Every structure is written in structure tokens, then in C-alpha cells.
Amino acid sequence: LTVGNYYLPSIISRFTAKYRHVRLEISINNTADICRLLHAGRLDIGLIEGKQSYYAFKRVSFSSDHMLLVGSRELGEAANMDAKALREQVWITREQGSGTEQYLDSFISSNHIRVENRIEYNSNFAIKEVVKQGLGVCFLSRLVMLDELRSGELVELPVRSSYTRDFSYILPND
């Protein structure tokens, strides 16, 4: 959903300016769904952000994306967010099969955080809205949260390392 909603529009704009006669049909889904549709022959190409593509596809990275741990303005003003403090937070996450969810699981594991309370959404927009209301924290793409970070509605919480992922396109091997 991130690559489809936040990165693809500029690509499509440039493509259609050059190839006005081409009819496009775009399906925006999570990584697992895009892989299933491509495998079934219902897509010609897939853009994904997940680590794994679930099938044996040709995969080419075309851009990097920065992942951020984010909370409400009030949470950003609070004390240090160590593993214990993060364990006590409600984690607002993407659904199983999402590329973002794959990276969140890696982040949680590498930082030795035990998540006790997790709410899943299949919408980046919904995640941002509930985090702005102070419900918890999220780990999402900087692209998704850029406007809210600039306005101060959301704040980036400090983490030990920088987290990036690749946006890739996938094609059937044949």
C-alpha cells in the first residue's frame, strides 16, 4: 500500500505523459496480495516493499524507503522510549502479509521489544489517525507520515539505528 499510494502516483504521471495511448489498470494491495495476483497471471508487474516475494520472481530494487518509529506529539514530549517503555505502548500495525509488517517484526526483534498490545489495520491512513489521537506508536514509512511530521501532529521517536527498506518491482521469471 505504501509504494502504491505514496510512490506510484509520480511514476504514473511521468509514464502517462510519455505514453498517453496506454491503458493502465492499477491494483493497490499489500505485498502478499500483489505476489498472489502476479503469480496467478492477473498482473503484468508488481511493485512491493516487503522482504520476501512469496514466489520465485525476478526482483529488482528501484528505490529506498526510510522507516520511522512515530508517536503523538504528547508521547514525543515524554521521557526516554527504551524497550520497557515501548513494551507498555499499544503498537498500531499493518496487517499480516504487508511489507511494512515484515519490517516492524524485524525492528521489534532486533530491539528486543516484547509487544503486549497490538492493533492491526490494513490502512496507513487509519494508523496515522489513531496514533495522532495518542492511542500508541507505529513503525511506518517516512513517505506516509511526512505531512504529519512537518506539522508536528506526529513526532519521530529516537531509535538506535536507521531503518531502510527497498521498493522493488517483481516480474515472472519467464
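Scroll up to find the structure.
Since this is a predicted model, take the numbers as computed values, not measurements.

K.L.:
What's the story with the layout of surface pockets in this structure? I'm lost.
P.N.:
Left-over empty space is what a probe sized like a water molecule reveals as it rolls over the atoms. Taken as a whole, the largest pocket holds about 740 Å³ of empty space. Elements with a contribution of two residues or more to the lining of the largest pocket: α1 (2–18), α2 (31–39) and β1 (46–48). Looking at the lining of the largest pocket, the element that brings in the most residues is α1, giving six residues. The class makeup of the residues in the lining of the largest pocket is 16 nonpolar, six polar and five charged.

K.L.:
Help me understand the packing of helix α6 (residues 124–132) against helix α7 (residues 142–151) in this model?
P.N.:
Geometrically, a packed helix pair is captured by the angle between its two axes and the distance between the axes. Remark: α6 packs on α7, axes separated minimally by 10 Å, with the N-to-C direction vectors making an angle of 35 degrees. Crossing handedness for the pair α6 and α7: right-handed. Of the residues in α7, those touching α6 at Asn 124, Lys 128 and Lys 132 are Val 144, Met 145 and Glu 148.

K.L.:
Would you explain the pattern of salt bridges in this entry?
P.N.:
A side chain with one charge may pair with a side chain of the opposite charge, provided their charged atoms come close. Within this structure, the stated rule accounts for eleven salt bridges. Residues Asp 65 and Arg 165 are paired through a salt bridge, measuring 2.8 Å at the closest nitrogen-oxygen approach. Linking Asp 65 in strand β2 (residues 57–72) with Arg 165 in strand β7 (residues 163–172), this pair joins segments that are 100 residues apart in sequence. A salt bridge links Glu 116 to Arg 87; its shortest N-O distance comes to 3.4 Å. On the criterion of sequence distance, the pair formed by Glu 116 in the loop between α5 (99–110) and β4 (117–121) and Arg 87 in helix α4 (residues 83–87) is long-range, its members being 29 residues apart. Judged by its relative accessible area of 52%, Glu 116 is exposed. Through salt bridges with shared partners, one network takes in Glu 49, Asp 65 and Arg 165.

K.L.:
I would appreciate a short explanation of α5 in the present structure.
P.N.:
Helical periodicity: at 3.6 residues per turn, an α-helix aligns residues three or four positions apart in one direction. For α5, which comprises twelve residues, the first-to-last C-alpha distance of 17 Å matches the rise-based estimate of 16 Å (1.5 Å per residue) to within 8%. Gly 99, Thr 100, Glu 101, Gln 102, Tyr 103, Leu 104, Phe 107 and Ile 108 are the residues of α5 that are buried. Sitting at the head of α5, Ser 98 places a side-chain oxygen 3.1 Å from the backbone nitrogen of Thr 100. Where α5 terminates, the next one or two residues include His 112, which has phi positive at roughly 55 degrees.

Parameters at a glance
- Throughout, residues of each chain are indexed from 1 in the direction in which the sequence is written.
- Whole-chain, interface and lining totals are the exception, using all residues; otherwise, since this is a predicted model, local features are given only for residues with pLDDT of at least 70 and side-chain atom pairs are given and counted only at 80 or more.
- Only heavy atoms go into the side-chain values, all of them from the structure, while hydrogens and water stay out.
- In this analysis a 1.4 Å probe is tested at points of a 1 Å grid over the protein atoms alone, and where it fits but cannot get out there is a cavity; an open set with protein on both sides within 12 Å along at least five of seven lines is a pocket; lining residues have an atom within 4 Å of a point.
- Grid points are joined across faces, edges and corners, and a volume is the space filled by probe spheres set on the points.
- Strands are runs of DSSP state E lasting at least 2 residues, helices are runs of H or I lasting at least 4, and numbering of each runs from the N terminus.
- Residue polarity follows a fixed list, in which Ala, Val, Leu, Ile, Met, Phe, Trp, Tyr, Cys and Pro are nonpolar, Asp, Glu, Lys and Arg are charged, and the others, Gly among them, are polar.
- Interaxial angle, 0 to 180 degrees, is taken between N-to-C directions of lines fitted to C-alpha atoms, where a helix line uses only the stretch in contact.
- Two helices that cross are described as forming a left-handed crossing if the nearer one is turned anticlockwise from the farther one by less than a right angle, and a right-handed crossing if clockwise.
- Should any heavy atoms of two residues lie within 4.5 Å, those residues are considered in contact.
- In what follows, salt bridge is the name for a side-chain nitrogen of Lys or Arg lying within 4 Å of a carboxyl oxygen of Asp or Glu.
- Buried residues are those whose accessible area, probed at 1.4 Å on protein chains only, stays under 20% of the maximum for their type, while exposed residues exceed 50% and partly exposed ones sit between those limits.
- Residue count minus one, scaled by 1.5 Å, sets the expected span of a helix.
- A 3.5 Å cut-off defines polar contacts: any pair of N or O atoms within that distance qualifies, except that in protein one atom must be a possible hydrogen donor and the other a possible acceptor, and neighbouring residues in sequence count only when both atoms are side-chain atoms.

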